[in-house]
Amino acid sequence: MRLSVSHGLHSLSWTETRPGAHVARATLFYLAAQVEAGHGCPLSMTHAAVPALRASSPELAAEWEPLLTSREYDFGLRPAVEKRGALCGMAMTERQGGSDVRANTTTARPLGGGEYALDGAKWFCSAPMCDAFLVLAQAPGGLSCFLLPRVLPDGTRNGFHIQRLKDKLGDRSNASGEIELESAWASLVGEEGRGVRTIVEMVVHTRFDCVLGTAAAMRQAVEQATHHAAHRSAFGAVLADRPLMQSVLADLCLESEAATVTALRLARAYDRRGSDPREAAFARIATAVAKYWVCKRGPGHAAEALECLGGNGYVEESGLPRVYRQQPLQSIWEGSGNVVCLDVLRALAREPESLEALLDEIRLAGDPDLTAAAERAAAEADETRARVAVERLALALQASLLVRHAPPAVADAFRAARLGSDAGHAYGALPAGVDAAGIVERHRPTGISY
Ligand SMILES: Cc1cc2nc3c(=O)[nH]c(=O)nc-3n(C[C@H](O)[C@H](O)[C@H](O)COP(=O)(O)OP(=O)(O)OC[C@H]3O[C@@H](n4cnc5c(N)ncnc54)[C@H](O)[C@@H]3O)c2cc1C
């Protein structure tokens, strides 16, 4: 946390005035997540809280932003005025539903002057050591968003009680708690009844970080798998030279490169969306499309990479079991697969300019077949087949980005493997004619010696 905070992985996008701050921050996050994925959660939430506060409550932003963007990791629960840096979490999910936050039953009783007392239970609240949380609760005017500090200005603890920590599948370096709020003092963010609209500005950024985190874990898995295969022999030959192993490794590399280029293109959209409506429209739909597809590909990718190491991959020392346990989280948190697909349908129906921006982006590859595939997918999208539509939009986008930003061998292989008819369904079932050895070599970490 100290290293990442000191390099602004939670804040660079908001403090750096040069163009490209989101891309730079995304790149650092991508690197750090490969070293330790769990600490990405509080970094991501703190990063995402800033634009939500800026958009809805300039006074609270003025008070909290200097702390939330500080490069100092000041651990420990103390009043905000005594801290040199602070972290922010979020508490939306309740027992009866995380996707459907409108079903929240936590209440917010007005105390006057924009202050409220919150009572209720939050079922999933990650990084509960944070200094503040954006919380949804039912105020007299409807579901509203609040900023709730852990410690009150007078130094006493707020009514925020950790009932239990979750015994999670993975992500164990990052605690997730069940929280009881008991007359917890909080300040309204934005207007009463506009809670979802307010917190959505936080959610889009954490959704983007799910894409980034998945791409990072894919890269970590590719590094391990390609390195191992380059140094392991079986049946008298180096594994990496075996054609079938080359197919598997190359396919893992293709997925990783497609995820990375997608994540970084999105980061550029976040850099420009404030001043360019087309980029804003692109970010709107592409965040949801990528959150679904990139995150959905994560667990299978980790499983296949792990298998490249044989039995050693199944053993904790390889590091890959940790990657394998982390990947499903990115798909569940901040909008599970179906919920994100429904969000894409909403964008298609209510914000047609977002589809236009996505198609414009795909058109830049100069391949009419890709644009036609995306247009067809959007036209056919309905609730039953939403996953099919979103998958096809994602693949067309990824293929178009690879055409523009990767060597032809990579772009051609991805297109043939993901959109052609000659490939199988498992990783490594590549169509004929792919330069697998060349693709693997592009991704294999070199210069490492143990
Ligand atoms: C490690 C971890 C950390 C988390 N940290 C936090 C946190 O800090 N703060 C926080 O607020 N929450 C947090 N969550 C909660 C998370 O955001 C929710 O679990 C998630 O939003 C899903 O909500 P749910 O668990 O209630 O599932 P449900 O909403 O019950 O959904 C169950 C399934 O039904 C699907 N579904 C829902 N609605 C529909 C529909 N209309 N049509 C079709 N399918 C549908 C969903 O996609 C999902 O697959 C965390 C979760 C995890 C795993």
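Procedures and definitions
- Residues numbered from 1 in each chain as written.
- Predicted model: local features only at pLDDT ≥ 70, side-chain atom pairs only at ≥ 80, totals over all residues.
- Heavy atoms only, no water.
- Helix = DSSP H or I, 4+ residues; strand = E, 2+ residues; numbered from the N terminus.
- Rg over C-alpha atoms; globule rule 2.2 N^0.38 Å.
- Buried < 20%, exposed > 50% of the residue type's maximum accessible area, 1.4 Å probe, protein only.
- Axes fitted to C-alpha atoms, helices over the stretch in contact; angles between N-to-C directions.
- Parallel < 35°, antiparallel > 145°, perpendicular 65-115°, else oblique.
- Left-handed = near helix turned anticlockwise from the far one by under 90°.
- Contact = heavy atoms within 4.5 Å.
- Nonpolar A, V, L, I, M, F, W, Y, C, P; charged D, E, K, R; others polar.
- Pairing = 2+ DSSP bridges.
- Near = heavy atom within 4 Å.
- Polar contact = N/O pair within 3.5 Å; in protein donor to acceptor, adjacent residues only side chain to side chain.
- Arc of directions from axis to C-beta.
- Core = buried A, V, L, I, M, F, W, Y, C linked by side-chain atoms within 4.5 Å.
- Phe/Tyr/Trp six-rings, centres within 6.5 Å; stacked < 30°, edge-to-face > 60°.
- Lys NZ or Arg CZ within 6 Å of the ring centre and 35° of its normal.

## Quick look at the overall build of the chain
A count of helical and extended segments in the chain gives 15 helices and 9 strands. For 450 residues, the compact-globule estimate of 2.2 N^0.38 gives 22 Å, and the C-alpha radius of gyration of the chain, at 22 Å, lies within 12% of that figure. Taken over the C-alpha atoms alone, the chain extends approximately 75 × 50 × 45 Å along its principal axes. The proportion of buried residues among the 450 residues of the chain is 56%.

## Re the environment of Ala24
Turning to its location among the elements, Ala24 is positioned in helix H3 (residues 21-35). Separated by 247 residues in the primary sequence, Ala24 and Asp271 have C-alpha atoms spaced 10.0 Å apart.

## Quick notes on the packing of H3 against helix H6 (residues 195-231)
Remark: H3 packs on H6, axes separated minimally by 8 Å, with the N-to-C direction vectors making an angle of 50°. By the angle between their axes, H3 is oblique relative to H6. Viewed along their axes, H3 and H6 form a crossing whose handedness is right-handed. Residues His22, Arg25, Ala26, Phe29, Tyr30, Ala33 and Gln34 of H3 lie in contact with H6, whose contacting residues are His205, Phe208, Asp209, Leu212, Gly213, Ala215, Ala216, Arg219, Gln220 and Glu223. Of the residues that constitute the contact of H3 with H6, the class distribution is 8 nonpolar, 5 polar and 4 charged.

## Let's talk about the pairing of strand S4 (residues 132-139)
Of all 8 residues in S4, 7 are buried, a share of seventy percent or more. Where strand S1 (residues 88-91) meets S4, 4 bridges bridge the pair, whose relative direction is parallel. Bridge assignment links Gly89 to a residue of S4, and that residue is Phe133. Two elements, S4 and strand S5 (residues 142-149), share 8 bridges in a ladder whose sense is antiparallel. Directly across from Gln138, in S5, lies its bridge partner Leu143.

## So, the packing of helix H7 (residues 243-272) against helix H14 (residues 408-419)
The contact between H7 and H14 brings their axes to 10 Å, and the two run at 105°. Comparing the axis directions of H7 and H14 gives the class roughly perpendicular. Residue-level contacts link Asp251, Leu254, Glu255, Glu257 and Ala258 of H7 to Val410, Ala413, Phe414 and Arg418 of H14. Partitioned by chemical class, the residues of the contact of H7 with H14 number 5 nonpolar, no polar and 4 charged.

## As for the site of the ligand
In the neighbourhood of the ligand, 20 residues make up the surrounding shell, with Met92, Thr93, Gly98, Ser99 and Ser126 lying closest. A distance of 2.7 Å is found between a nitrogen atom of the ligand and a side-chain nitrogen or oxygen belonging to Ser126. The side chain of Asn338 places a nitrogen or oxygen atom 3.0 Å from a nitrogen atom of the ligand. Breaking the shell around the ligand down by element, the ones donating at least two residues are S1, strand S3 (115-126), helix H9 (320-332) and helix H10 (337-350).

## Things to note about helix H15 (residues 436-443)
Taken residue by residue, H15 has Ala436, Ile439, Val440 and His443 as its buried positions. Summarising the axial view, the buried residues of H15 lie within an arc of 100°, below the 170-degree limit, and thus occupy one face. Close packing links the buried residues of H15 with H6, H7 and H14.

## What about the environment of Asp167?
Take Asp167: it is sitting in the loop between strand S6 (160-165) and strand S7 (176-189). Here the alpha-carbon distance between Asp167 and Gly177, two residues 10 residues apart in the chain, equals 9.5 Å. In this structure the side chain of Asp167 is engaged in a polar contact, spanning 2.7 Å, whose partner is the side chain of Arg172.

## A look at the nonpolar core
Counting 91 residues, the largest nonpolar core has Cys308, Val344, Leu393, Leu402 and Ile439 as its most contacted members. Look past the residues within four positions of Ile439 in its chain and what remains in contact with it is Ala250, Cys253, Leu254, Ala409, Val410, Ala413 and Val434. If you look at the next biggest cluster of nonpolar residues, it comprises 49 residues, including Leu67, Cys88, Val135 and Ile199.

## Looking at the pairing of S5
Here S5 lies mainly inside the structure; 8 of its 8 residues are buried. The antiparallel hairpin formed by S4 and S5 contains 2 residues in its connecting segment. As defined by bridge partners, S5 adjoins S7 across 3 bridges and the pair is classed as antiparallel. Looking across to S7, one finds that Phe146 is bridged to Leu188.

## Points about the packing of aromatic side chains
Aromatic ring pairs are reported here in terms of the distance separating the ring centres and the angle at which the planes meet. This model, assessed by the stated rule, comprises 5 aromatic pairs. Note on Tyr116 and Phe146: the rings are 4.9 Å apart at their centroids and 65° apart in plane angle, and the pair reads as edge-to-face. Taken together, the residues span a long stretch of sequence, with Tyr116 in strand S3 and Phe146 in strand S5 at a distance of 30 residues. Like Phe146, Tyr116 is buried. Centroid distance Tyr292 to Trp293: 6.3 Å. Interplanar angle 40°. Geometry classified as tilted. Looking at Lys166, its charged tip hangs above the ring of Trp123, at a distance of 3.4 Å from the centre. A cation sits over an aromatic face here: Lys166 above Phe124, 4.6 Å from the ring centre.

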